[in-house]
Amino acid sequence: MTAPSAVEIAESLKTSLAAAPQRHLIDGKSVESSSGQTFETINPATGEVLTRVARGNAADIDRAVKAARRAFSNPAWRQMNANDRTKLLLRLADLIERDADELAVLECLDNGKPAHLTRLVEVEGSIKTFRYFAGWPTKFGGETLPVSPRGGAQILNYTTREPIGVAGLIVPWNYPMSMAAWKVAPALAAGCAVVLKPAEQTPLTALRLGQLALEAGFPPGIFNVVTGFGDAGAALVEHHDVDKIAFTGSTPVGKAIVRASASNLKKISLELGGKSPHIVFPDADLDAAAAAVASGIFFNQGQTCTAGSRLYAHASCFDRVVSAITAAASKLKVGNGLLPDSDLGPLVSQEQWDRVSSYVDIGRAEGASLLVGGKRPEHLQRGFFFEPTVFANATRDMRITREEIFGPVLTALPWNDLDDLVAQANDSEYGLSAGIWTNNIKHAHRAAAALKAGTVWVNCYNLIDPATPFGGFKQSGWGREHGRQAMELYSEVKSVWVNLS
Ligand code: NDP
């Protein structure tokens, strides 16, 4: 028997989704909102309603936080040995793998991106993340430290790592399942209990992830999911019994979270916007560089925090690189993500389409030259599709050079002098990532050292792995996800002094 196609899986999912509204997952139970309210989640490829989803409010957040606190305080969880926590995380990864085809299509329906990419990035990426963090509970501990007390007392000093407590996790719509996994996996590995608030546009895979965690054997209340709008996120941030917030999303909401969290000084980590420079030196492999710049901006319809949205190509190779990118843009197939040959799906929402389109108008009005794209593809009259777009003749002060567009829009600028290039690349409120293409090892290391960015890729772009830290300088965020740094985000250090004299 052949495996069902994405279209066949989608038909069956649409039927089951339409049958009943999706409800919160609180204390291990599927529950309605206390208000009884629901909202629609839309298929961005068609504009059709997929299903209705419980609209959480402050009372629902309070129920979820109370459930998380109870579960966190329960000795069954607090005293669970590290190896058993590892086994639960591995089991969850196995269950995601078991349901991989369905999860990939569910994400495609809710977010729009092609199912072959949701499979690769969201599903395989989440499995890798859970397996990576499953290794940490048995390795994450404190240390003994050589303190020097006055008077010669014999002191044993050691540190321990304790789970921070109840963590509120607020994630965006651009990589819904991966962003949830990036936060849930280290939080559970560290021994926390979580309340996850997915984006209103893409709540469906977060609910499935919560259900799979229950099936894996996590105790009820350890992993809660409350769906809803920004007011539910804000209630989570303001809640006095939440110890930590981890957020990925826009810089303005990140700032609002910092202000709101002051009520109980909960710990905050933020992964925010970007306007990443992608730099091409004249000595680079120009074909490889152009291909990487194109995929660095157009992948996921440009809705990527690390999107390389500013191209700086050396003046001597600028025309060649830009024409290779515009040729690549014209060849990309924009279409329904259920079709296996679609390279780009739709943008996530009408709101995002309007925002991206308004930046094309802004770029034109500012005097930049639109080389390709800038509108809805003619063959797609419904859904939120947008053509891959390239602007040239831009200047450093234009809004299309400075502001995060979060769509498939590249602004190309030539450079001549390395110091001036670095100054231009760093002339941004953001500092999330940067790419460098050169075959000169000195150029590569000089530029990597000078760029103010949390991640620098040399002769590659957008490589991400749970083993290596990810996060931003400047207004791109606080803290680092992935690696040991993520375990630190979800734990407190305790220093213990024992007088042995
Ligand atoms: P937001 O930053 O508004 O949303 C991200 C998450 O935060 C969502 O779950 C959202 O809920 C929630 N939220 C919204 N307001 C609050 C609040 N006051 N307190 C707590 N949580 C809140 O992003 P948008 O969806 O509005 O996208 C707008 C722009 O943000 C994009 O165009 C892009 O520039 C940037 N962005 C950046 C991302 C990144 O990865 N760096 C990811 C997504 C967006 P709800 O969905 O219900 O509003």
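The shown structure was predicted, so the numbers you read here are calculated from the model rather than taken from an experiment. (Residues numbered from 1 in each chain as written. Predicted model: local features only at pLDDT ≥ 70, side-chain atom pairs only at ≥ 80, totals over all residues. Heavy atoms only, no water.)

K.L.:
Help me understand the site of the ligand in this model?
P.N.:
Of all residues adjacent to the ligand, which total 29 residues, the nearest are Trp-173, Lys-197, Glu-200, Ser-250 and Leu-272. Val-171 has a polar backbone atom sitting 2.9 Å from an oxygen atom of the ligand. Measuring from an oxygen atom of the ligand, one finds a backbone N or O atom of Gly-228 at 3.3 Å. Relative to its unbound accessible surface of 860 Å², the ligand loses 86% to contact with the protein. Looking at the shell around the ligand, the elements that each hand over two or more residues are helix H9 (230-238), strand S9 (244-248), helix H10 (251-260) and helix H13 (350-366). The dominant element in the shell around the ligand, judged by the number of residues it contributes, is H9, at four residues. Of the residues in the shell around the ligand, the class split is 15 nonpolar, 10 polar and four charged. (Near = heavy atom within 4 Å. Polar contact = N/O pair within 3.5 Å; in protein donor to acceptor, adjacent residues only side chain to side chain. Areas by Shrake-Rupley, 256 points an atom, 1.4 Å probe, with all protein chains shown as cover. Helix = DSSP H or I, 4+ residues; strand = E, 2+ residues; numbered from the N terminus. Nonpolar A, V, L, I, M, F, W, Y, C, P; charged D, E, K, R; others polar.)

K.L.:
Can you help me understand the nonpolar core in this one?
P.N.:
One broad trend across soluble globular proteins is that nonpolar side chains are buried collectively. Ranked by internal contacts, the top residues of the largest apolar core, which has 81 residues, are Ile-96, Phe-130, Leu-196, Phe-218, Phe-223, Ile-245 and Tyr-490. When residues of this core are assigned to their parent elements, the largest contribution, 11 residues, is made by helix H7 (residues 176-190). Apart from the residues within four sequence positions on either side, Phe-223 is in contact with Leu-25, Val-184, Leu-188, Val-194, Leu-196, Leu-209, Gly-210 and Ala-213. Counting residues in each nonpolar core, the second largest holds 30 residues, with Ala-292, Ala-307, Leu-311 and Leu-344 among its members. (Core = buried A, V, L, I, M, F, W, Y, C linked by side-chain atoms within 4.5 Å. Buried < 20%, exposed > 50% of the residue type's maximum accessible area, 1.4 Å probe, protein only. Contact = heavy atoms within 4.5 Å.)

K.L.:
Sorry if this is basic, but what is going on with the side chain of Ser-433 here?
P.N.:
One can find Ser-433 in strand S17 (residues 433-437). Here the side chain of Ser-433 touches Ser-276 through a polar contact of 2.7 Å, side chain to side chain. In this structure, Ser-433 is in contact with Ser-276, Pro-277, Thr-306, Ala-453, Thr-455, Trp-457 and Tyr-461, ignoring residues within four places of it in sequence.

K.L.:
In this structure, what is going on with the sheet that holds strand S11 (residues 277-280)? I would like to understand it.
P.N.:
Overall, mixed pairing links the seven strands, which are arranged S13-S14-S15-S12-S11-S17-S18 in an open sheet. Single-partner strands in this sheet number two, and they are strand S13 (369-372) and strand S18 (455-458). Here the average twist between neighbouring strands, direction ignored, is 25°. Note: S17 against S18, four bridges, orientation parallel. Paired with Gly-435 across the bridge in S18 is Trp-457. This element, helix H12 (residues 318-331), spans S11, strand S12 (310-314), S13, strand S14 (389-392) and strand S15 (409-415) of the sheet and lies at about 140° to S12. Helix H15 (residues 418-426) contacts S11, S12 and S15 of the sheet and is inclined by roughly 175° relative to S12. (Pairing = 2+ DSSP bridges. Axes fitted to C-alpha atoms, helices over the stretch in contact; angles between N-to-C directions.)

K.L.:
Could you clarify how one ought to interpret the packing of helix H6 (residues 115-134) against H7 in this entry?
P.N.:
A pair of packed helices is captured by two measures, namely the crossing angle of their axes and the spacing between those axes. At a minimum axis separation of 9 Å, H6 and H7 run at an interaxial angle of 10°. Considered as vectors, H6 and H7 are oriented roughly parallel to each other. Of H7, the residues touching H6 (which contributes Val-121, Glu-122, Val-123, Ser-126, Thr-129, Phe-130 and Phe-133) are Pro-176, Met-177, Ser-178, Ala-181, Trp-182, Val-184, Ala-185, Pro-186 and Ala-189. Residues belonging to the contact of H6 with H7 are distributed by class as follows: 12 nonpolar, three polar and one charged. (Parallel < 35°, antiparallel > 145°, perpendicular 65-115°, else oblique.)

K.L.:
Even after reading the chapter, I still don't get the environment of Gly-273, so can you show me in this structure?
P.N.:
Within the fold, Gly-273 resides in the loop between strand S10 (267-271) and S11. Separated by 21 residues in the primary sequence, Gly-273 and Pro-252 have C-alpha atoms spaced 9.3 Å apart. Once you skip the residues sitting within four places of it in the chain, Gly-273 turns out to touch Gly-249, Thr-251, Glu-404, Tyr-430, Leu-432, Gln-475 and Ser-476.

K.L.:
Help me understand the pattern of salt bridges in this model?
P.N.:
For side chains of opposite charge, pairing can occur when their charged atoms come near one another. Evaluation of the coordinates by the stated rule reveals 34 salt bridges. The salt bridge involving Glu-162 is made with Lys-494; its shortest N-O contact spans 2.6 Å. Taken as a pair, Glu-162 in strand S5 (residues 155-163) and Lys-494 in strand S21 (residues 491-499) lie far apart in primary sequence, 332 residues in all. The residue Asp-341 makes a salt bridge to Lys-333 at a minimum N-O spacing of 3.6 Å. Among the ionic contacts, a cluster of salt bridges with common partners joins Arg-98, Asp-99, Glu-102, Arg-208 and Glu-215. (Salt bridge = Lys/Arg side-chain N within 4 Å of Asp/Glu carboxyl O.)

K.L.:
Which parts of the structure should I look at to understand H12?
P.N.:
In an α-helix, one turn spans 3.6 residues, which is why side chains three or four residues apart end up on the same side. End to end, H12 covers 20 Å across 14 residues, agreeing with the expected 20 Å (1.5 Å per residue, within 8%). Taken together, the buried positions of H12 are Phe-318, Val-321, Val-322, Ile-325, Thr-326 and Ala-329. One side of H12 carries all its buried residues, which in axial view fall inside an arc of 130°. Looking at H12, the residues exposed on the side facing more than 90 degrees away from the buried face are Asp-319, Ser-330 and Lys-331. In the core, the buried residues of H12 are packed alongside S11, helix H11 (286-298), S12, S13, S14 and S15. (Expected span 1.5 Å × (residues − 1). Arc of directions from axis to C-beta.)

K.L.:
Even after reading the chapter, I still don't get unusual backbone geometry, so can you show me in this structure?
P.N.:
Residues apart from glycine generally show negative phi values, whereas peptide bonds are mostly found in trans. You will see that Asp-27, though not glycine, has its phi angle at about 55°, which is positive. Looking at the secondary structure, you find Asp-27 in the loop between strand S1 (24-26) and strand S2 (29-31). In this structure Asp-27 comes out as partly exposed when scored by relative accessible area, which is 23%. Its identity is not glycine, yet Asn-459 carries a phi of approximately 55°, on the positive side. Assignment of secondary structure puts Asn-459 in the loop between S18 and strand S19 (473-474).

Limitation: the analysis is restricted to geometry and does not speak to function.
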